[in-house]
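A look at the structure
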Amino acid sequence: MPSITPLPTSRLHATFDPARIPWDDSRAIPLPRNGNGRKNIFQPRAMQALDLALQIRAGGYNVYLSGEPDLGRSYMLLSYLRPQARKAATPPDLVYVHNFSDPDRPTLLSLPAGQGKKFKQLLQEALEAIGKELNRRFEAATYVKQRAKLVDQFQNVRMGLLHKMNSVAVHKGFNLDMDENGALTLYPLVEGKRLSEEEFERLDNTVRLNLKRRGDNLVQAMAGFMRQLNRAEESFHDDERGLERQVMGQVLDALLAPARQRILKACPVPGLREYFDALREDILKNTEAFLPRESPPNPGPGEGHPLPAPENIFYRYEVNLLVDNAGLSGAPIVVEDHPTAVNLLGSVERESEMGALVTDFTLIKAGSLQKANGGFLVLHIEDLLQHPNAWEGLLRALRSNLARIEDTGESSDTAIRTKGIMPEPLALNLKVVLIGAEDLYESLLVNDDRFAKLFRIKAHMADVTERNALGIRAYLTQIAMIVEENKLRPFDRTALAWLIDLGSHICEDQRRLSLKFPLLREMMIEAAALAEMRQIPVVSAAILEEAYAARTYRVNLVEEIFMEEYDREMIKVRTSGSAVGQVNGLSVTWHGDFEFGLPHRISCTVGVGHEGIIDLEREAELGGPIHTKAMMILKSYLTDLFARKKPLVLSGSLYFEQSYAGIEGDSASGAELAALLSALADVPVRLDLAFTGAVSHSGQIMAVGGVTRKIEGFYKVCARHGLTGSQGVIIPRDNVDHLMLAPDVLQAVEKKQFAIYPVRRIEEALTLLTGMPAGRRRKNGSFTPGSLYALVDRRLERLGDYAQNAFRRSRKG
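Calculation criteria
- Residues numbered from 1 in each chain as written.
- Predicted model: local features only at pLDDT ≥ 70, side-chain atom pairs only at ≥ 80, totals over all residues.
- Heavy atoms only, no water.
- Helix = DSSP H or I, 4+ residues; strand = E, 2+ residues; numbered from the N terminus.
- Buried < 20%, exposed > 50% of the residue type's maximum accessible area, 1.4 Å probe, protein only.
- Contact = heavy atoms within 4.5 Å.
- Areas by Shrake-Rupley, 256 points an atom, 1.4 Å probe, with all protein chains shown as cover.
- Pairing = 2+ DSSP bridges.
- Axes fitted to C-alpha atoms, helices over the stretch in contact; angles between N-to-C directions.
- Patch = residues over 30% accessible without salt bridge, like charges linked within 9 Å, V, L, I, M, F, W, Y side chains within 5 Å.
- Salt bridge = Lys/Arg side-chain N within 4 Å of Asp/Glu carboxyl O.
- Lys, Arg positive; Asp, Glu negative; His and termini not counted.
- Charge placed at Lys NZ, Arg CZ, Asp CG, Glu CD.
- Polar contact = N/O pair within 3.5 Å; in protein donor to acceptor, adjacent residues only side chain to side chain.
- Phe/Tyr/Trp six-rings, centres within 6.5 Å; stacked < 30°, edge-to-face > 60°.
- Parallel < 35°, antiparallel > 145°, perpendicular 65-115°, else oblique.
- Left-handed = near helix turned anticlockwise from the far one by under 90°.
- Core = buried A, V, L, I, M, F, W, Y, C linked by side-chain atoms within 4.5 Å.
- Arc of directions from axis to C-beta.
- pLDDT = per-residue confidence, 0-100.

**Concerning the overall build of the protein chain**
If you tally the helices and strands in the protein chain, you get 26 helices and 30 strands. Put simply, the protein chain has 813 residues, and 46% of those count as buried. Sequence separation of 24 or more characterises 77% of the internal contacts of the protein chain that already satisfy a separation of 6 or more. Summed over its atoms, the accessible surface of the protein chain is roughly 42600 Å², and 50% of this surface lies on carbon and sulfur atoms.

In structure tokens, the structure reads:
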């Protein structure tokens, strides 16, 4: 087997030469014209999907923008939509008006953009002018003269009828009297004298009964006169109302008709002409509502209750401006950050009126769905799913292509009866874009059949791009845009090169750049603030490095606590010497958004038995399913290598020492196999080397995640214990391109105080850890003499022999 050499410094970190940047600083980098976000070369797949979605007018082709957090999903989407929206037509204003034929179903009118507010204001001014003009005309001499004529005619008829009635009453021995309210009363006459009530009561009973009988007969005889009087009064009121309507008609012709023509000319939309016809007819029917009312005097104590106030009908003539697009140029883009059912779908509010909750069309409020009609509605699926009613309402609206504003109320059965309305629904014409993660997309596909039919376009955002000339140039352009948009101090060549390397560091890949620009933006803002504090005009790589160190210092308290535990040997990890059945494994830990690596001692003990390999983490219910699978792969590896002609008879235990939390993943399976083989062969393993890598059943060492953090974690422990020059980390060769190590690790490697060894197979790792060849199987089934595998094979044979003959030997002894 060829010797395994450590990686040179150049392979441990991708470093971009600042001299390759053709600009002195970020100010010289050309920016896209007009903020053209459509030419996003980083997201060709998402751009193609959005282009297709906007081209398709059919229903159901809404968009799900899938991507990880911190990719700038909303920024990318809005940068794409804004130029598209500016080129699109501005949607109409939406107004609700009273439905005079069915008040519980308000009418929805669509007016050209900007006309809704004018319509509302013009109608309000016309109604105010009508009221003033009507009062003026009622006070004019012409109207007063015409009404006086009607009154005189009525009074003549009335007095003639009263005179006839009084003549009949006198002839019958009664006197007819009328009070100030117009009520008629009969008083008996005795000897030509009118009797009062007291005098009537003092009469003889027979006389009283006779007078009462004659009075009743008289009332019946005058019933015809009373009917004539009532008809005359009704005729008078009809003539009076007719006169008022005649005057109102003249006022409407003078004031409402011009306003109507003006509005109809500016808004030739269906339903508006019919609304004005119904409006005119309703005003004529309710002319008295426009007349000034004299407030009745307050009744004194004990004089009864005041009459209820007449119904206020003027709300009918109001205009509810539901959506006002007057200030909009192009299609709307509505981003709803709090998508409750009310905020998203709209609502019908209520008012308390005499103990009951009532509503009308003026209390209809628009939601984001109505405001975005004709344009784009952007929602974050995580927020939307927090409100099931909003999600269900959105799906119903998209499926029916109608946005209904419903008055559901708080309960279906309440003690107080409520008045409800059913507003006319709005025909939808918009694109809904949901922003969310890939796992939510897959979950919705599986659990909701409607989702796949309504969101047929998936725009999937990539999280990395190639680190080539084209990608780097676009990356620098994006960095310059961040500087421009956030008004930051300029970044020089070294800072720009540092940010390119940070892009590779974030995605842990020397050949790619991370597209998580919000993370770069945070770093740039903090570095610019630091430069401003130092009064440095241009941000350099040194400032960025200092800002990065300060950022790490703010969040790495937990890591420092762990390092102190290693220093005090509270956590037992040795970085020198050797031991049998012990290997330094590596893990990655998250605390909040801070990721760091930690070494752990992996131990193994082996004895006689039939239990096989026991995973203590699984037995203690601390191991996850992937870790359990990795342990099964170890058994598969041993079976394939050593159990072709004999059974595996052993009892071995593998475990992470001082591990008190759950363990998941297979990145430690290589180190666990090394510990197991060391225990079987009774060969010590170097503790100045740590090992990370997943092992297959054939012995290949496969790539794992977080390799950079793992190396840095072991290096920190070694540095605190003292670097000996022999310390290092064994990693899978497939992970070499993922290395983006910190400067202090690079310096130690450069000084040959630390080393990184890439391996392809477990045999290479075992040679590094034990200092002896792992060996290979020969044709006769044995292993290379003097190799580690030969020792393991011999130990397994002895364990099998002990298991079979141990008690027999004991009896012989």
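**A look at the sheet that holds strand E3 (residues 107–111)**
The strand order E3-E2-E7 describes an open sheet built from 3 strands, whose pairing is antiparallel. Each edge of the sheet is formed by a strand with only one pairing partner; in this case those strands are E3 and strand E7 (320–323). Each neighbouring strand pair of the sheet contributes to a mean axis angle of 30°, computed without reference to strand direction. Here 5 bridges tie strand E2 (residues 93–97) to E3, and the two strands are oriented antiparallel to one another. By the bridge assignment for E3, Val97 is matched with Thr107. On top of the sheet, helix H3 (residues 115–138) reaches E2, E3 and E7; it is set at about 30° to E2, its chief contact.

**Concerning a negative patch on the surface**
On the surface, Asp337, Glu382, Asp383, Asp439 and Glu442 cluster together into a negatively charged patch. Residue assignment for the negative patch shows that the elements contributing at least two residues are helix H11 (381–384) and helix H13 (438–447). For Asp337, the location among the structural elements is in the loop between strand E8 (333–336) and helix H9 (341–345).

**Topic: the side chain of Glu559**
Mapped onto the elements, Glu559 comes out in helix H19 (residues 557–567). A distance of 2.7 Å separates polar atoms of two side chains, one belonging to Glu559 and the other to Lys716.

**Looking at unusual backbone geometry**
In the Ramachandran plot, Asp70 falls in the positive-phi region, its phi being about 70° despite a non-glycine side chain. Since its relative accessible area comes to 37%, Asp70 is described here as partly exposed.

**Digging into the pattern of salt bridges**
Taken as a whole and assessed by the stated rule, the structure comprises 30 salt bridges. Put simply, Asp25 and Arg27 hold a salt bridge, and the shortest N to O gap is 2.8 Å. Take Asp25: its relative accessible area is 11%, and that puts it in the buried class. For Arg27, a relative accessible area of 61% corresponds to the exposed category. The salt bridge involving Arg554 is made with Glu526; its shortest N-O contact spans 3.1 Å. Separated by 28 residues along the polypeptide, Arg554 in helix H18 (residues 541–555) and Glu526 in helix H17 (residues 517–533) bring together distant segments of the chain. Look at Glu526 and you get partly exposed, because its relative accessible area is 23%. Several salt bridges share partner residues, and in doing so they unite Glu522, Glu526, Arg551 and Arg554 into one network.

**Side note on the packing of aromatic side chains**
According to the stated counting rule, one finds 24 aromatic pairs in the structure shown. Their ring planes at 85° and their centres at 5.8 Å tell us that Tyr64 and Phe451 sit as a pair that is edge-to-face. One end of the pair, Tyr64, is in strand E1 (residues 63–66); the other, Phe451, is in helix H14 (residues 449–454), with 387 residues separating them in the sequence. Across this residue pair, the class does not change: Tyr64 and Phe451 are buried. Between Tyr475 and Phe517 the ring centres are 5.1 Å apart and the planes differ by 45°, which places this aromatic pair in the tilted class. Placement of Tyr475 in helix H15 (residues 469–485) and of Phe517 in helix H17 is noted, with a sequence separation of 42 residues between them. Take Tyr475 and Phe517: they sit in the same class, and that class is buried. Taken together, the aromatic side chains of Phe100, Phe119, Tyr275, Phe276, Phe290, Phe314 and Tyr317 make up a single cluster linked through ring pairs.

**Details of the packing of H3 against helix H8 (residues 272–285)**
Contact pair H3 / H8: the axes reach a minimum separation of 14 Å and the direction vectors enclose 20°. Classified by the angle between their axes, H3 and H8 sit roughly parallel to one another. Handedness of the crossing formed by H3 with H8: right-handed. Across the interface between the two elements, Phe119, Leu123 and Leu127 from H3 touch Leu272, Tyr275, Phe276, Leu279 and Ile283 from H8.

**Digging into the nonpolar core**
Formed by 59 residues in total, the largest nonpolar core has its most connected members in Leu476, Phe491 and Leu544. Contact partners of Leu476, with chain neighbours within four places excluded, come to Ile21, Trp23, Ile29, Leu496 and Ile500. Membership of the second largest hydrophobic core comes to 50 residues, among which are Ile602, Val606, Ile730 and Leu788.

**Quick look at the sheet that holds strand E16 (residues 431–436)**
Read from one edge of the open sheet, 5 strands run E8-E13-E16-E1-E17, paired in parallel fashion. Strands at the two margins of the open sheet, each flanked by one partner only, are E8 and strand E17 (457–460). The average angle at which neighbouring strand axes cross in this sheet is 20°, direction not considered. As paired elements, E8 and strand E13 (residues 376–380) share 4 bridges and run parallel to each other. Bridging from a neighbouring strand, Val335 pairs with Val378 of E13.

**Considerations on the packing of helix H22 (residues 669–681) against helix H25 (residues 762–770)**
Look at H22 against H25: their axes get within 11 Å of each other, and the N-to-C directions meet at 60°. By the angle between their axes, H22 is oblique relative to H25. The handedness of the crossing between H22 and H25 is right-handed. Contacts between H22 and H25 pair Gly670, Leu673, Ala674 and Leu677 from the former with Ile762, Leu766 and Leu769 from the latter.

**Some points on H19**
For H19, the full list of buried residues reads Glu559, Met563 and Tyr566. Buried residues along H19 cover an arc of 50° about the axis, so they all sit on one side. Looking at the buried positions of H19, the neighbouring elements they touch are strand E22 (594–607) and helix H23 (707–721). Where H19 terminates, the next one or two residues include Glu569, which has phi positive at roughly 60°.

**Quick word on helix H24 (residues 743–750)**
What H24 keeps buried is the set Val745, Leu746, Ala748 and Val749. All buried residues of H24 lie within an arc of 160° about the axis, which places them on one face of the element. Here the buried face of H24 lies against H23. Looking one or two residues beyond H24, the residue adopting positive phi is Lys752, at roughly 60°.

**Some details on the confidence of the model for the protein chain**
Taken residue by residue, the protein chain gives an average pLDDT of 85. The fraction at 70 or more is 85%. Taken as a whole, residues 295–310 scores under 50 in pLDDT and shows 3 contacts with residues more than four places along the chain or in a different chain. Below a pLDDT of 50 lies the segment residues 410–417, which in the model reaches 5 contacts outside its immediate sequence neighbourhood of four places, other chains included.

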